[in-house]
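Single-letter residue listing:
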Amino acid sequence: MRVRHGEVLLASGFIGIMATLFLALKWAPSVSIDAFASPAAQRIFYWHVPSAWAAFIAFSVLFAGSALWVFKRSPFGWRLHVAGSEASLACGLMAVWSGCVWGAAEWGTPWDWTDVRLNTFGLLTLLALFLVLGRQSQPDGIESRDTFSTFGLYGFVLVPITYIATRFWQIRHPGPVIGGGEDSSLSSEMGLVLLLGAISFTILIAGHMIMSARITEYEQRLERLQNKMDGRI
Amino acid sequence: MADTLLELKGVSIRRGIDIVLSDFNLSLAGGQCIILHGENGSGKSTVIEAAARLLPMEKGEVRHHLNMVHDSEGRRKNPKFPFGLTLQSNGLVPSQTIQQHLETVCALSQFECDLTPILESYGLSHRRHDKIAHLSGGQQRKVSVISGLIPAMLSEQPRLILLDEPDSGLDDYSIEILKTHINQLRSSGHGILIATHDERLFECATSLHDLNEETKHEPKACEPWKPIGKQANNSFLATKMGWKYNASTLISIQRNWLASLLVIGTLLALVEPLSIKDHDVLVMGFVLAPAFTIGLVGDSVTSILQEQRAIDWWRAQVQSIPNSNIESFLSGCILTIFSMQVFLQIFDWRIVLIGGIIGFVTTFSLRFLQLSTLRLARTNAVFIRLLTPILILPWAMVVEYCVSF
């Protein structure tokens, strides 16, 4: 029997995420009541941070796919672009939605239009939404691929800005939890759950992207066959 | 030997997923009329649009009067000499009158002239002050064909004319007139490239091209056309035309101003201005919100140009298409004065200026986004406005800055 790697990874990632949720709610230590306005809501962190991490991986895949299409006209690049934009949208929405819920509990507001991190990440998610909806609204062709890949390419400029935003303009969103100096240290249990979450989300989007790329390839084959039947090839 | 007016060298173009033109070469000299014919989808319109610099190319380059005007690297240079263009989808602005449109075409050619004899020949002189939207499909087509012929009709120097299915929708009488004009213009040294199925026009051809092979043809001898234009200098045409489109349609008032005034009304329905006078950032946000709204609605001139592909006609002719730059700045200033009176009851020229700049920059950004999706088949269906929240953060920063005044 042929092993479908995409489905296997997707299922493994899903199981890992469920385990992360269970550990986050039942096993991970509670945070200090003095450090947070809403300590219970802090457990959203185990969902929010890994989904944002996976979103950054997906944005990178989107960038790589867009670059491959724009510079090499590679069909594989276009499949990566499609898979990357879908995964970016899914993970971006998960990170934004969980962040809004956490923000509402912790800050008293789900969003702050003056915070650079929130806005740039939100915009990246909107870019992914634009790419997914835009692609569905247009017939597939060189014009749409060029246009959307160009947006994917330039949109990636926002990724480093988003990453460094809390280091340079910390307005409301907290600084990095890993690699951000002494203030960013986590207890070992918290770090373990976070790591499991990050790995699980990575596996999940890897599975999703493999499946998405395969579906796009089938769509391309179908279109070629239809064109052949129309006598256009 | 006559000058070469158009050269397509090794042009390859994809449309959709297919390569429509592959390594295509064509050369058109003054005094020649090449007719492209062939089945639907064979690439006739693609050749015309490539020659007009409208399509990105995989390979090759396009030259007008021996100068490169477009190549596969994406370089686009303005043609040294104006050329005539009739697109398959007219490329007219429906809210303009025939007279206004044809005067614009004359101005682009740096000429002025009495249009009466040309309009009379096509039976349109009694309609010259009618809006294009009020004309029948056939009459609109005649206006589009005249627009394509005018640059050559006005000039003594050889000009390039590109006509995509000019016969479509024309009655027999108009086709006879068109044939006469094509023959006269060719005889006077202009170069004409036509894509058509209509065999009646084949009589005008010096060669017939089915996109694979070119065959020579002998057209009827004819009296040359006598140029009717007088030189006229026209600068800042794109800005002037943007202003004219706005003035004749009041589209900025209808779309941008209305949205801004609705924002002011909505804010007034929520709060009483005096009750928030201690909340500086909030009040300043209310004052600058209308200017921001003006820009978020988008460039109205760009929107009207998207009807009938007029935007493509303009893109072929000039680098900078008509825009609402001046209107957006002025509208931003005026509406900021109004909202300042409503919410602050003072006048500060610095805030008015910033309101104008917000209107201009936001409109400019929206136009950039609108134009970046022009190549798509369904530009109105794409969700480009999803990216406009990028403007909220800078606007919020400006609001905070203005509080310090």
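Provided above is the structure to which this section pertains.
Rules behind the numbers
As a convention, each chain's residues are numbered from 1 in the sequence order in which they are written. Key to labels: chains lettered from A, ligands numbered from 1, both in the order written. Totals for whole chains, interfaces and linings use every residue, but because this is a predicted model, local features are given only for residues with pLDDT of at least 70 and side-chain atom pairs only at 80 or more, for both listing and counting. Counting from the N terminus, the helices are DSSP H or I runs at least four residues long and the strands are E runs at least two residues long. Buried means a residue has 20 or more other C-beta atoms within 10 Å of its own C-beta, exposed means 12 or fewer, and partly exposed covers the counts in between; C-beta atoms are placed from the backbone. We call two residues in contact when their backbone-placed C-beta atoms lie within 7 Å. In this description, strands pair whenever DSSP reports at least two bridges between them. Axis definition: a line fitted to C-alpha atoms, over the contacting stretch in the case of helices. Angles run 0 to 180 degrees between N-to-C directions. Oblique is the label for any angle not under 35 degrees, not over 145, and not in the 65 to 115 range, which are roughly parallel, roughly antiparallel and roughly perpendicular in turn. Under the grouping applied here, Gly and all other residues not named as nonpolar or charged are polar, the nonpolar ones being Ala, Val, Leu, Ile, Met, Phe, Trp, Tyr, Cys and Pro and the charged ones Asp, Glu, Lys and Arg.

Draft legend 1. The arrangement of the overall build of chain B in detail. A count of helical and extended segments in chain B gives 13 helices and 12 strands. Dimensions along the principal axes, computed over C-alpha positions, put chain B at roughly 85 × 45 × 35 Å. Counting across all 405 residues of chain B, residues that qualify as buried make up 47%. For chain B, the share of sequence-separated contacts (at least 6 apart) that also reach a separation of at least 24 residues comes to 75%.

Draft legend 2. Molecular detail of the overall build of chain A. When helices and strands are tallied, chain A shows seven helices and zero strands. Sequence-ordered secondary structure for chain A, helices as α and strands as β, is α-α-α-α-α-α-α. Across the 233 residues that make up chain A, the buried fraction comes to 41%. A fraction of 75% describes how many contacts in chain A between residues 6 or more apart in sequence connect residues 24 or more apart.

Draft legend 3. Seen up close, the pairing of strand β3 (residues 33-36) of chain B. Residue and element names in this part refer to chain B. Because side chains alternate across β3, one face comprises the buried residues C33 and I35, and the other comprises I34 and L36, equally buried. With four bridges connecting them, β3 and strand β9 (residues 191-195) associate as parallel partners. Directly across from I34, in β9, lies its bridge partner L193.

Draft legend 4. Fine view of the packing of helix α6 (residues 237-249) of chain B against helix α11 (residues 325-343) of chain B. All names here are of chain B. Contact pair α6 / α11: the axes reach a minimum separation of 8 Å and the direction vectors enclose 60 degrees. Put simply, α6 runs oblique to α11. Contact residues: T239, G242, W243 and N246 in α6; N325, I326 and E327 in α11. The residue makeup of the contact of α6 with α11, split by class, is two nonpolar, four polar and one charged.

Draft legend 5. Representation of the environment of B:G295 in the model. All names here are of chain B. Here G295 shows up in helix α8 (residues 280-297). The sequence separation of G295 and S365 amounts to 70 residues, and the corresponding C-alpha distance is 8.2 Å. If sequence neighbours within four positions are ignored, G295 has contacts with S328, I358, G359, V361, T362, T363 and L366.

Draft legend 6. Local environment of the interface of chain A and chain B. Counting from both sides, the interface comprises 24 residues of chain A and, opposite them, 21 residues of chain B. Only α4 (116-137) and α5 (142-155) of chain A provide two or more residues apiece to the side of chain A that touches chain B. Examining the composition of the side of chain A that touches chain B, we find that 11 residues originate from one element, α4(A), more than from any other. Within the side of chain A that touches chain B, the residues separate by chemical class into 10 nonpolar, nine polar and five charged.

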